[in-house]
Amino acid sequence: MNSTITDQYINEIKLKYEQNNLHKILYIVVSGLILLAVSFISLRVGIADISIKDIIILIVKLISGKGIDSISVDQKIVLLLRFPRIVLGILSGAALSVSGVIMQGVTRNPLVSPFTIGLSSAAAFGASVAIVFNIVLFPGTMSGIILNAFLFSVLCALLVFGISWRLGMSPETLILVGIALNYLFSALTAVIQYVADEQQLAAVVQWEFGSLNGATLAQCMTLAIILIVSIPILSFFSQGFNAMTVGGEDLAVSLGINPVVLKIVAGLISVLLTAATISFTGVIGFIGLVGPHIGRLIIGGDHRFLLPFSIISGSILMILSDTIGRTLLSPVIIPVGIVISFLGVPLFINLIITRRKRSF
């Protein structure tokens, strides 16, 4: 009798578990549809509002390969300006959000983001050096600024992980070293701004705002390749992230997971995604902090579902913020980094206040 009751209880638990997973999959599908809708709206609106008919005609021409030479001015705006911008927004939002997920999971700290370890301030310093002193591999070019920002981001990450490794590689050490380097690179950037002339200062400040202006298909392709390589690796380690989040290194070891390998993989991928993103877009904050929290609030902490959902939520936040920035004071374009901050602060505070009491 007791055995029958136990079997029924186990079956009920399994059924609820499977139903819960189906609900999470449904959330991911719905969020994907929302992303498509937001992207389509962003493709239409701006200084020049493009009709749905023109967009459909353009899509048909691109698919068929016929009549591309005869596209209208509005269609050229969509194809050459807005499409790369939206694609870069989707990819950069996804990269920053997923970087936040894995860093928060490994450190077991919900306040950690890719920018906590100083990557953004290091990138800003690298870009400032390129703009003001022209100390760069490709002087006088945007590619040189992008490369400098990327290299200094990687340098900062190496310093953070190197120092933390020597001191025991605990999450607290990682965060504290990152904060210290964040302040250091911010101070160095302020010194460069102090000695820069007006034109150079304007260029540095504009880069620090964070923007999707000047997005190119080459940048989109680079970031897409990094994401395509990174996401399957992170998905493979999703159970390891779950173990680290719930029970720390002890639970991970008991389940046969090497926490050192997990931290190295997570750190390298997070740095690569973040450094590549901010080198293309400039400093854009809060996506890596708010995106994961939205995911945990809606879909829970299981990284098998949290990773794909956070990718989509980060993309939605980025595209929505960029669309608001392009249309709110049109024809003036507000950089997406500023809009993200205005949206991110109240949203994050609201998440803190309304977040259910659950184990992180």
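Residues numbered from 1 in each chain as written. Predicted model: local features only at pLDDT ≥ 70, side-chain atom pairs only at ≥ 80, totals over all residues. Heavy atoms only, no water.

Describe helix 10 (residues 259-281), and please don't skip the residues or the numbers.
With 23 residues, helix 10 extends 32 Å between its outermost C-alpha atoms, agreeing within 8% with the 33 Å of an ideal straight helix rising 1.5 Å per residue. Counting buried positions along helix 10 yields 18 of 23 residues, so the element is predominantly enclosed. The residue sitting at the N-terminus of helix 10 and contributing the capping side-chain oxygen is N258; that oxygen lies 3.0 Å from the backbone nitrogen of V260. Phi turns positive one or two residues past the end of helix 10, at G282, with a value near 85°. (Helix = DSSP H or I, 4+ residues; strand = E, 2+ residues; numbered from the N terminus. Expected span 1.5 Å × (residues − 1). Buried < 20%, exposed > 50% of the residue type's maximum accessible area, 1.4 Å probe, protein only. Polar contact = N/O pair within 3.5 Å; in protein donor to acceptor, adjacent residues only side chain to side chain.)

Just give me the short version of the layout of surface pockets, but keep the residues and values in it.
Approximately 330 Å³ is the volume attributed to the largest pocket. What lines the largest pocket is a set of 20 residues, among which M142, Q206, W207, S211 and N213 lie closest to the centre. Listing elements by their share of the lining of the largest pocket, those giving two or more residues are helix 5 (142-166), helix 7 (198-209) and helix 10. Ranked by the residues each element gives to the lining of the largest pocket, the list is headed by helix 7, at 4 residues. When its residues are assigned to classes, the lining of the largest pocket shows 11 nonpolar, 9 polar and no charged. (1 Å grid on protein atoms, 1.4 Å probe; cavity = no way out; pocket = protein on both sides within 12 Å on 5 of 7 lines; lining within 4 Å. Points joined across faces, edges and corners; volume = space filled by probe spheres on them. Nonpolar A, V, L, I, M, F, W, Y, C, P; charged D, E, K, R; others polar.)

An account of the packing of aromatic side chains is requested, with residue identities and associated values reported.
A complete count under the given rule lists 3 aromatic pairs for this structure. Ring centres 5.3 Å apart and planes at 90° place the aromatic pair F236 and F237 in the edge-to-face group. (Phe/Tyr/Trp six-rings, centres within 6.5 Å; stacked < 30°, edge-to-face > 60°.)

Residues and numbers for helix 11 (residues 287-299), please.
For helix 11, built from 13 residues, the straight-helix expectation of 18 Å at 1.5 Å per residue is met to within 8% by its first-to-last C-alpha distance of 17 Å. Most of helix 11 is tucked away: 11 of the 13 residues are buried. All of the buried residues along helix 11 are I287, G288, L289, V290, G291, P292, H293, I294, G295, R296 and I299. Positive backbone phi, approximately 95°, marks G300, located one or two places after helix 11.

I'd love a proper account of the packing of helix 4 (residues 119-133) against helix 6 (residues 171-195), names of residues and values included.
Their axes nearest at 8 Å, the elements helix 4 and helix 6 cross at an angle of 20°. As judged from the angle between their axes, helix 4 and helix 6 are roughly parallel. The element helix 4 and its partner helix 6 pack so that their crossing is left-handed. Packed against helix 4, whose contacting residues are S121, A122, A124, F125, S128, V129, V132 and F133, the element helix 6 presents L181, N182, F185, S186, L188, T189, I192 and V195 at the interface. Residues that form the contact of helix 4 with helix 6 fall into these classes: 11 nonpolar, 5 polar and no charged. (Axes fitted to C-alpha atoms, helices over the stretch in contact; angles between N-to-C directions. Parallel < 35°, antiparallel > 145°, perpendicular 65-115°, else oblique. Left-handed = near helix turned anticlockwise from the far one by under 90°. Contact = heavy atoms within 4.5 Å.)

Requested: an account of the pattern of salt bridges, with residues and values cited.
What the rule picks out here adds up to 3 salt bridges. Across the pair D302 and R304 runs a salt bridge whose closest N-O atoms are separated by 2.6 Å. In this structure D302 comes out as buried when scored by relative accessible area, which is 15%. Residue R304 is classed as partly exposed on the basis of its relative accessible area, which comes to 34%. A salt bridge links R326 to D322, with the shortest nitrogen-to-oxygen separation between them at 3.5 Å. A residue pair is termed a helical-turn pair when its members lie 3 or 4 positions apart in one helix, as R326 and D322 do in helix 12 (residues 303-327) at 4 residues. (Salt bridge = Lys/Arg side-chain N within 4 Å of Asp/Glu carboxyl O.)

As far as function goes, none of this settles anything; it's purely spatial.
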